[in-house]
Amino acid sequence: MRETFTAVVNPAAGAGTAAATMIALARALRDSGARVRVAYSRGLEHATELAAAAAGQGETVLAAGGDGMAGAVAAGLAGTRAELGVVPAGRGNDLARAVPLPREDPAAFAAALRERVSRPVDVAMAGDRVVLGSVCAGLDAAANAAANRWRLPRRPIAYQIAAAGVLARWRPVTYDLTVDGAPQRLRGNTVVVANCAWYGGALRVAPAARLDDGLLDLVTIGEMSRRRLVPVLRAMRRGEHVTMPGIECRPVREVTIATDRPTPFYADGEPLPSGPLTVRVHPGALRLIGA
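Parameters and conventions
- Residues numbered from 1 in each chain as written.
- Predicted model: local features only at pLDDT ≥ 70, side-chain atom pairs only at ≥ 80, totals over all residues.
- Heavy atoms only, no water.
- Disulfide = S-S within 2.5 Å.
- Helix = DSSP H or I, 4+ residues; strand = E, 2+ residues; numbered from the N terminus.
- Buried < 20%, exposed > 50% of the residue type's maximum accessible area, 1.4 Å probe, protein only.
- Core = buried A, V, L, I, M, F, W, Y, C linked by side-chain atoms within 4.5 Å.
- Contact = heavy atoms within 4.5 Å.

**A closer look at the state of the cysteines**
Here the structure, examined in full by the defined rule, presents 0 disulfides. Here Cys136 stays free of any disulfide, with the sulfur of Cys196 as its closest cysteine sulfur at 13 Å.

As C-alpha coordinates, then:
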(Lines give C-alpha, C1' and ligand atoms only; values in the text may rest on other atoms or scores of the structure.)
Protein backbone atom coordinates (compact mmCIF):
# COMPACT_ATOMS: atom_id res chain seq x y z
CA MET A 1 0.00 0.00 0.00
CA ARG A 2 1.39 3.39 -1.01
CA GLU A 3 2.02 5.75 1.87
CA THR A 4 3.43 9.01 0.48
CA PHE A 5 2.15 11.13 -2.42
CA THR A 6 3.01 14.39 -4.10
CA ALA A 7 0.18 15.85 -6.19
CA VAL A 8 1.30 18.20 -8.96
CA VAL A 9 -1.68 20.43 -9.76
CA ASN A 10 -2.38 22.72 -12.68
CA PRO A 11 -4.42 25.41 -10.89
CA ALA A 12 -5.91 26.68 -14.18
CA ALA A 13 -7.17 23.27 -15.38
CA GLY A 14 -10.90 22.77 -15.69
CA ALA A 15 -11.50 26.50 -15.34
CA GLY A 16 -9.94 26.34 -11.91
CA THR A 17 -11.69 23.17 -10.71
CA ALA A 18 -8.50 21.07 -10.57
CA ALA A 19 -7.57 22.50 -7.17
CA ALA A 20 -10.97 21.64 -5.72
CA THR A 21 -10.79 18.14 -7.17
CA MET A 22 -7.38 17.58 -5.64
CA ILE A 23 -8.36 19.03 -2.26
CA ALA A 24 -11.19 16.48 -1.95
CA LEU A 25 -8.90 13.64 -3.04
CA ALA A 26 -6.08 14.73 -0.73
CA ARG A 27 -8.50 14.76 2.20
CA ALA A 28 -9.61 11.22 1.34
CA LEU A 29 -6.01 10.03 1.04
CA ARG A 30 -5.11 11.55 4.40
CA ASP A 31 -8.22 10.06 6.00
CA SER A 32 -6.98 6.66 4.79
CA GLY A 33 -3.61 7.19 6.51
CA ALA A 34 -1.50 8.43 3.59
CA ARG A 35 0.76 11.47 3.59
CA VAL A 36 0.04 13.95 0.79
CA ARG A 37 1.87 17.05 -0.34
CA VAL A 38 0.15 19.31 -2.90
CA ALA A 39 2.38 21.36 -5.25
CA TYR A 40 0.90 23.91 -7.66
CA SER A 41 2.73 24.22 -10.97
CA ARG A 42 3.48 27.46 -12.80
CA GLY A 43 3.51 25.68 -16.17
CA LEU A 44 4.44 22.43 -17.86
CA GLU A 45 8.20 22.72 -17.34
CA HIS A 46 7.68 23.49 -13.66
CA ALA A 47 5.36 20.47 -13.38
CA THR A 48 8.12 18.26 -14.79
CA GLU A 49 10.59 19.66 -12.26
CA LEU A 50 8.19 19.12 -9.35
CA ALA A 51 7.52 15.53 -10.46
CA ALA A 52 11.21 14.72 -10.83
CA ALA A 53 11.94 16.10 -7.37
CA ALA A 54 9.14 14.01 -5.83
CA ALA A 55 10.34 10.90 -7.66
CA GLY A 56 13.80 11.49 -6.23
CA GLN A 57 12.24 11.34 -2.76
CA GLY A 58 10.63 7.99 -3.53
CA GLU A 59 7.09 9.38 -3.57
CA THR A 60 4.13 8.39 -5.72
CA VAL A 61 3.28 11.33 -7.99
CA LEU A 62 -0.23 12.41 -8.95
CA ALA A 63 -0.90 14.59 -12.01
CA ALA A 64 -4.00 16.73 -11.40
CA GLY A 65 -5.12 18.56 -14.53
CA GLY A 66 -5.61 17.75 -18.18
CA ASP A 67 -3.76 15.46 -20.55
CA GLY A 68 -0.99 18.00 -21.04
CA MET A 69 -0.32 18.07 -17.29
CA ALA A 70 -0.21 14.26 -17.22
CA GLY A 71 2.39 14.28 -19.99
CA ALA A 72 4.45 16.96 -18.23
CA VAL A 73 4.46 15.01 -14.97
CA ALA A 74 5.30 11.82 -16.85
CA ALA A 75 8.33 13.59 -18.30
CA GLY A 76 9.72 13.90 -14.77
CA LEU A 77 9.12 10.22 -14.01
CA ALA A 78 9.93 8.37 -17.26
CA GLY A 79 12.88 6.06 -16.88
CA THR A 80 12.60 5.94 -13.09
CA ARG A 81 10.85 3.51 -10.75
CA ALA A 82 8.42 6.22 -9.59
CA GLU A 83 4.70 5.60 -10.09
CA LEU A 84 2.20 7.98 -11.68
CA GLY A 85 -1.46 8.37 -10.81
CA VAL A 86 -3.70 10.42 -13.11
CA VAL A 87 -6.27 12.75 -11.54
CA PRO A 88 -8.34 14.02 -14.50
CA ALA A 89 -9.37 17.63 -14.04
CA GLY A 90 -9.02 19.16 -17.50
CA ARG A 91 -11.32 19.50 -20.48
CA GLY A 92 -10.49 16.38 -22.50
CA ASN A 93 -9.19 13.87 -19.91
CA ASP A 94 -8.62 11.31 -22.65
CA LEU A 95 -5.81 9.42 -20.91
CA ALA A 96 -8.11 8.70 -17.97
CA ARG A 97 -10.42 6.78 -20.32
CA ALA A 98 -7.63 4.26 -20.88
CA VAL A 99 -6.97 3.91 -17.13
CA PRO A 100 -10.29 2.98 -15.46
CA LEU A 101 -10.28 4.01 -11.80
CA PRO A 102 -13.28 4.87 -9.55
CA ARG A 103 -12.78 8.64 -9.77
CA GLU A 104 -16.32 9.80 -8.97
CA ASP A 105 -16.00 8.98 -5.27
CA PRO A 106 -12.92 10.49 -3.54
CA ALA A 107 -12.70 7.70 -0.96
CA ALA A 108 -12.84 4.95 -3.57
CA PHE A 109 -10.38 6.84 -5.77
CA ALA A 110 -7.99 7.24 -2.82
CA ALA A 111 -8.20 3.53 -2.07
CA ALA A 112 -7.45 2.68 -5.70
CA LEU A 113 -4.44 5.00 -5.78
CA ARG A 114 -3.07 3.39 -2.65
CA GLU A 115 -3.81 -0.24 -3.53
CA ARG A 116 -4.04 -0.81 -7.30
CA VAL A 117 -0.97 -2.22 -8.99
CA SER A 118 1.05 -0.17 -11.45
CA ARG A 119 2.33 -1.50 -14.75
CA PRO A 120 4.97 -0.30 -17.18
CA VAL A 121 3.42 1.62 -20.08
CA ASP A 122 4.91 3.18 -23.19
CA VAL A 123 5.47 6.85 -23.81
CA ALA A 124 5.92 8.62 -27.12
CA MET A 125 8.71 11.12 -27.63
CA ALA A 126 7.69 13.99 -29.93
CA GLY A 127 11.08 15.58 -30.39
CA ASP A 128 12.00 16.11 -26.73
CA ARG A 129 8.38 16.22 -25.46
CA VAL A 130 7.03 13.23 -23.53
CA VAL A 131 3.55 12.32 -24.79
CA LEU A 132 1.17 9.86 -23.16
CA GLY A 133 -1.79 10.28 -25.51
CA SER A 134 -1.23 11.38 -29.09
CA VAL A 135 0.42 13.79 -31.49
CA CYS A 136 -1.68 15.29 -34.26
CA ALA A 137 -0.91 17.56 -37.19
CA GLY A 138 -3.65 19.11 -39.31
CA LEU A 139 -7.38 19.68 -38.94
CA ASP A 140 -7.64 18.25 -35.42
CA ALA A 141 -4.68 20.29 -34.19
CA ALA A 142 -6.27 23.41 -35.69
CA ALA A 143 -9.49 22.55 -33.85
CA ASN A 144 -7.54 22.13 -30.61
CA ALA A 145 -5.98 25.57 -31.10
CA ALA A 146 -9.42 27.07 -31.78
CA ALA A 147 -10.91 25.41 -28.68
CA ASN A 148 -8.16 27.03 -26.61
CA ARG A 149 -8.80 30.48 -28.15
CA TRP A 150 -12.58 30.59 -28.28
CA ARG A 151 -15.00 30.92 -25.36
CA LEU A 152 -16.28 27.37 -25.45
CA PRO A 153 -17.70 25.14 -22.71
CA ARG A 154 -15.07 23.53 -20.48
CA ARG A 155 -16.27 20.12 -21.58
CA PRO A 156 -15.05 17.55 -24.12
CA ILE A 157 -17.68 18.66 -26.68
CA ALA A 158 -15.70 21.89 -27.06
CA TYR A 159 -13.20 20.14 -29.34
CA GLN A 160 -15.94 18.90 -31.63
CA ILE A 161 -17.59 22.34 -31.76
CA ALA A 162 -14.21 23.83 -32.66
CA ALA A 163 -13.66 21.21 -35.38
CA ALA A 164 -16.97 22.19 -37.01
CA GLY A 165 -15.93 25.84 -36.96
CA VAL A 166 -12.46 25.19 -38.37
CA LEU A 167 -13.73 22.83 -41.08
CA ALA A 168 -15.39 25.62 -43.06
CA ARG A 169 -12.00 27.25 -43.78
CA TRP A 170 -9.76 24.19 -43.79
CA ARG A 171 -7.66 23.16 -46.82
CA PRO A 172 -5.92 19.78 -47.15
CA VAL A 173 -2.18 19.51 -46.49
CA THR A 174 0.55 17.59 -48.30
CA TYR A 175 2.39 15.46 -45.74
CA ASP A 176 5.81 13.93 -46.28
CA LEU A 177 6.02 11.06 -43.82
CA THR A 178 8.84 8.71 -42.97
CA VAL A 179 7.25 5.66 -41.36
CA ASP A 180 9.71 3.25 -39.76
CA GLY A 181 12.27 4.37 -42.33
CA ALA A 182 9.98 4.24 -45.38
CA PRO A 183 8.99 7.52 -47.12
CA GLN A 184 5.33 8.19 -47.88
CA ARG A 185 3.57 11.23 -49.35
CA LEU A 186 -0.02 11.92 -48.37
CA ARG A 187 -2.44 14.61 -49.40
CA GLY A 188 -4.91 14.80 -46.58
CA ASN A 189 -6.49 16.42 -43.57
CA THR A 190 -4.70 15.04 -40.55
CA VAL A 191 -1.99 12.73 -39.29
CA VAL A 192 -2.25 11.29 -35.79
CA VAL A 193 0.42 9.27 -33.97
CA ALA A 194 -1.36 7.71 -31.00
CA ASN A 195 -0.17 5.96 -27.87
CA CYS A 196 -3.69 6.03 -26.38
CA ALA A 197 -6.98 5.17 -28.10
CA TRP A 198 -8.75 8.45 -27.26
CA TYR A 199 -8.15 12.11 -28.06
CA GLY A 200 -10.09 15.34 -28.59
CA GLY A 201 -12.48 14.80 -25.69
CA ALA A 202 -13.66 11.16 -26.02
CA LEU A 203 -13.03 10.62 -29.74
CA ARG A 204 -11.71 7.08 -30.22
CA VAL A 205 -9.20 8.01 -32.88
CA ALA A 206 -7.04 4.86 -32.66
CA PRO A 207 -9.26 2.03 -31.40
CA ALA A 208 -6.47 -0.56 -31.49
CA ALA A 209 -3.95 1.57 -29.55
CA ARG A 210 -2.70 0.15 -26.26
CA LEU A 211 -0.53 1.86 -23.69
CA ASP A 212 1.67 -1.20 -23.16
CA ASP A 213 2.14 -2.85 -26.57
CA GLY A 214 5.49 -1.25 -27.46
CA LEU A 215 3.92 0.41 -30.50
CA LEU A 216 2.22 3.59 -31.63
CA ASP A 217 -0.75 3.76 -34.00
CA LEU A 218 -0.53 5.95 -37.10
CA VAL A 219 -3.92 7.24 -38.25
CA THR A 220 -4.20 9.26 -41.46
CA ILE A 221 -7.28 10.91 -42.94
CA GLY A 222 -6.77 11.54 -46.63
CA GLU A 223 -8.10 14.22 -48.93
CA MET A 224 -11.89 14.30 -49.05
CA SER A 225 -14.72 16.80 -49.29
CA ARG A 226 -16.11 18.59 -46.27
CA ARG A 227 -19.33 16.66 -46.80
CA ARG A 228 -17.42 13.37 -46.37
CA LEU A 229 -15.41 14.65 -43.41
CA VAL A 230 -18.45 15.36 -41.24
CA PRO A 231 -19.56 11.69 -40.97
CA VAL A 232 -15.92 10.71 -40.36
CA LEU A 233 -15.82 12.96 -37.31
CA ARG A 234 -19.13 11.51 -36.09
CA ALA A 235 -17.91 7.94 -36.55
CA MET A 236 -14.76 8.76 -34.57
CA ARG A 237 -16.83 8.93 -31.39
CA ARG A 238 -17.24 5.16 -31.57
CA GLY A 239 -13.98 4.33 -33.33
CA GLU A 240 -15.87 3.26 -36.48
CA HIS A 241 -14.07 5.66 -38.83
CA VAL A 242 -11.13 3.31 -39.38
CA THR A 243 -13.14 1.24 -41.88
CA MET A 244 -14.20 4.26 -43.95
CA PRO A 245 -12.60 5.06 -47.35
CA GLY A 246 -9.60 7.39 -47.23
CA ILE A 247 -8.63 6.47 -43.66
CA GLU A 248 -5.68 4.28 -42.72
CA CYS A 249 -4.58 3.01 -39.32
CA ARG A 250 -1.49 0.89 -38.65
CA PRO A 251 0.99 0.15 -35.86
CA VAL A 252 4.38 1.86 -36.09
CA ARG A 253 7.44 2.58 -33.97
CA GLU A 254 8.62 5.88 -35.43
CA VAL A 255 7.13 8.53 -37.71
CA THR A 256 8.59 11.79 -39.01
CA ILE A 257 6.01 14.34 -40.16
CA ALA A 258 6.73 17.25 -42.51
CA THR A 259 4.15 19.46 -44.24
CA ASP A 260 4.10 21.65 -47.35
CA ARG A 261 2.82 24.69 -45.44
CA PRO A 262 2.77 25.90 -41.82
CA THR A 263 0.45 23.46 -40.05
CA PRO A 264 -0.51 23.26 -36.38
CA PHE A 265 0.99 20.38 -34.40
CA TYR A 266 -0.43 19.40 -30.98
CA ALA A 267 0.45 16.77 -28.38
CA ASP A 268 -1.81 15.86 -25.45
CA GLY A 269 -3.80 19.05 -26.06
CA GLU A 270 -0.71 21.29 -25.99
CA PRO A 271 0.91 23.10 -28.95
CA LEU A 272 4.16 21.92 -30.50
CA PRO A 273 6.43 23.77 -32.93
CA SER A 274 5.54 23.14 -36.57
CA GLY A 275 7.32 20.20 -38.17
CA PRO A 276 9.30 18.43 -39.30
CA LEU A 277 8.74 16.39 -36.16
CA THR A 278 9.82 12.86 -35.29
CA VAL A 279 7.62 10.81 -32.95
CA ARG A 280 9.00 7.53 -31.60
CA VAL A 281 7.89 5.02 -29.00
CA HIS A 282 9.78 4.35 -25.77
CA PRO A 283 8.38 1.02 -24.57
CA GLY A 284 7.72 0.49 -20.87
CA ALA A 285 9.26 3.83 -19.86
CA LEU A 286 6.68 4.76 -17.19
CA ARG A 287 4.88 3.02 -14.33
CA LEU A 288 1.17 3.96 -14.34
CA ILE A 289 -1.27 3.09 -11.56
CA GLY A 290 -4.33 1.21 -12.79
CA ALA A 291 -3.06 0.70 -16.34
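That was the structure; now back to the text.
**Here we look at unusual backbone geometry**
Residues Gly275 and Pro276 are joined by a peptide bond in cis, for which omega reads 5°. Residue position: Pro276 is located in the loop between β14 (270-272) and β15 (277-289). For Asp180, which is not a glycine, the phi torsion comes out positive at approximately 50°. Of the residues examined, Asp180 reaches a relative accessible area of 44% and is grouped as partly exposed. One non-glycine residue, Asp268, lies in positive phi territory at about 50°. Inspection of the secondary structure puts Asp268 in the loop between β13 (265-267) and β14. Exposure remark for Asp268: the relative accessible area of 12% places this residue in the buried category.

**So, the nonpolar core**
By size, the foremost hydrophobic cluster in this structure holds 53 residues, and its most contacted members are Met22, Leu25, Leu62, Val73, Leu77 and Leu84. Take this core: its biggest share by element is 7 residues, from helix α1 (residues 13-31). Setting aside anything within four residues of it in sequence, one finds Leu25 in contact with Leu62, Val87, Pro106, Phe109, Ala110 and Leu113. If you look at the next biggest cluster of nonpolar residues, it comprises 51 residues, including Leu139, Ala141, Leu177 and Leu218.

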